[in-house]
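Examination of the molecular architecture
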Amino acid sequence: MLCTVIGLALVGTKSVFSGHSSQHTAAQSAIGIALVLAGAFSSACQMIVEETFIKNRGFHPLQAVGMEGLFGSFMMIVIALPAVHFIPGGDLNGSYENFIDAMYQLGDSPLILVNCFLYILSIAFFNYFGLSITRYLSAVHRTLIDALRTSFVWLISLILYYSTSGRFGEPFDTAWGLIQIDGFAFLIIGMLLYNKVMDITFIPCCAERSNEPVLVENMESDPVDPVQEDAEKMPVTPAQHPYYVVNND
């Protein structure tokens, strides 16, 4: 777990100290960090609730994905989209996000429609696989594996940039790229260690300690008198019993 935290910190260092961060003020950066932490907290709560429903209440991952999709669609259509439509912004007709214009664009462009369908399909499979990991392992395993998405996104972004002559993706940052590589390496090592794929028990400080109690045989037990032991094994006659009463009648 410590390796994963170090990896995430190293990856985030590039975004904080690179030249792109100078475009924002300190207050904007603080608000952004606070929103990210709030999102991480809500995501952690969601994963805990999902694990509770799947493991303790016997929900199937497909059932959980369907319920999340149903409630999420209801909240987006009824609450979120109307709210952002009437909030002032830079979109069409002065809206923050013009939902009606988005529907027109979706209907006029088959490419956008296909991309939206593929996106919905990919998210459905992503949630199902994530909940399956939670069902058979735990939410912590899912979180650690999910953290590796950052490394794959970064790698694919580099491949797209150099394969499309800079049209897509981002270039390799010579100033902070090595720190990113170190961070991703820590992420991968942390996941392998937590899942017990990598064995480092040969290191003395990382060796697993057994929690089984050690039975110590007491060699200095009190000697037993053989005469007393034989007397205890002899049966007690009625006349020797303390509560025996002789009836002379």
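Source: prediction; values computed, not measured. Numbering of residues starts from 1 in every chain and runs along the sequence as written. Local features in this predicted model are restricted to residues whose pLDDT is 70 or higher, and side-chain atom pairs enter the listing and the counts only when it is 80 or higher, whereas totals over whole chains, interfaces and linings include all residues. Hydrogens and water molecules were not included; the side-chain quantities draw on all heavy atoms of the structure.

What about the packing of aromatic side chains?
Stacked, edge-to-face and tilted labels apply to pairs of Phe, Tyr and Trp rings (six-membered ring for Trp) whose centres lie within 6.5 Å, assigned for plane angles under 30 degrees, over 60, and everything in between, in that order. This model, assessed by the stated rule, comprises 5 aromatic pairs. Aromatic side chains F125 and F129 sit 5.9 Å apart centroid to centroid with 35 degrees between the ring planes, which places their arrangement in the tilted category. With F125 and F129 both in helix α5 (residues 110-136) and 4 residues apart, the pair spans about one turn of that helix. For F125, a relative accessible area of 43% gives the class partly exposed. Exposure remark for F129: the relative accessible area of 47% places this residue in the partly exposed category. On the numbers, 6.3 Å between centres and 50 degrees between planes, the contact of W154 with F172 is tilted. Of this pair, W154 sits in helix α7 (residues 149-163) while F172 is found in the loop between α7 and α8 (177-194), placing the two residues 18 residues apart along the sequence. Look at W154 and you get buried, because its relative accessible area is 13%. Linked through ring pairs, F125, Y128 and F129 together constitute an aromatic cluster. A ring is scored as having a charge over it whenever the NZ atom of a lysine or the CZ atom of an arginine sits within 6 Å of its centre and within 35 degrees of its normal. Looking at R57, its charged tip hangs above the ring of F53, at a distance of 4.9 Å from the centre. Only DSSP runs of H or I reaching four residues or more are called helices, and only runs of E reaching two or more are called strands; each is numbered from the N terminus. Classification of residues uses two cut-offs on accessible area relative to the type maximum, computed with a 1.4 Å probe and protein chains only: under 20% is buried, over 50% is exposed, and between them is partly exposed.

Things to note about the UniProt feature "transmembrane region" (unreviewed entry) in the chain
Listed under "transmembrane region" (unreviewed entry) in the UniProt record, and renumbered for this structure, are residues 28-49, 70-90, 110-131, 143-163 and 175-194. Each end of residues 28-49 is marked by a C-alpha atom, and these two atoms are 32 Å apart; helix forms 100% of the span and strand 0%. UniProt positions are given in the numbering used here, feature names are shortened, and annotations may be inferred rather than shown by experiment.

As for the nonpolar core
Ranked by size, the top nonpolar core spans 8 residues in total: L144, A147, L148, W154, L158, F184, L187 and M191. Mapped onto this core, the elements with two or more residues apiece are α6 (139-147), α7 and α8. Examining the composition of this core, we find that 3 residues originate from one element, α8, more than from any other. Nonpolar cores are built from buried Ala, Val, Leu, Ile, Met, Phe, Trp, Tyr and Cys residues. Side-chain atoms within 4.5 Å join them into one set.

Overview of the packing of helix α3 (residues 61-86) against α5
The convention used is that axes are lines fitted to C-alpha atoms, helices contributing only their stretch in contact, and that angles between N-to-C directions extend from 0 to 180 degrees. Here α3 crosses α5 at 135 degrees, and the two axes come no closer than 9 Å. When the axis of α3 is compared with that of α5, the two are oblique. α3 and α5 meet at a crossing whose hand is right-handed. Every residue of α5 that contacts α3 at P61, L62, A64 and V65 is listed here: A124, N127, Y128, L131, S132 and R135. Any angle between 65 and 115 degrees counts as roughly perpendicular, while under 35 counts as roughly parallel, over 145 as roughly antiparallel, and the rest as oblique. A clockwise turn of the near helix away from the far one marks a right-handed crossing, whereas an anticlockwise turn of less than a right angle marks a left-handed crossing. Residue contacts are defined here by distance: any two heavy atoms, one from each residue, within 4.5 Å place the two residues in contact.

Description of the packing of helix α4 (residues 99-108) against α5
The relative placement of two packed helices comes down to the angle between their axes together with the axis-to-axis distance. Contact geometry for α4 and α5: axes closest at 5 Å, N-to-C directions at 105 degrees. The angle between α4 and α5 places the two elements in the roughly perpendicular class. Packed against α4, whose contacting residues are Q105, L106 and D108, the element α5 presents P110, I112, L113 and C116 at the interface. Here the term charged refers only to Asp, Glu, Lys and Arg, the term nonpolar to Ala, Val, Leu, Ile, Met, Phe, Trp, Tyr, Cys and Pro, and the term polar to all other amino acids, Gly among them. Residue classes in the contact of α4 with α5 are distributed as 5 nonpolar, 1 polar and 1 charged.

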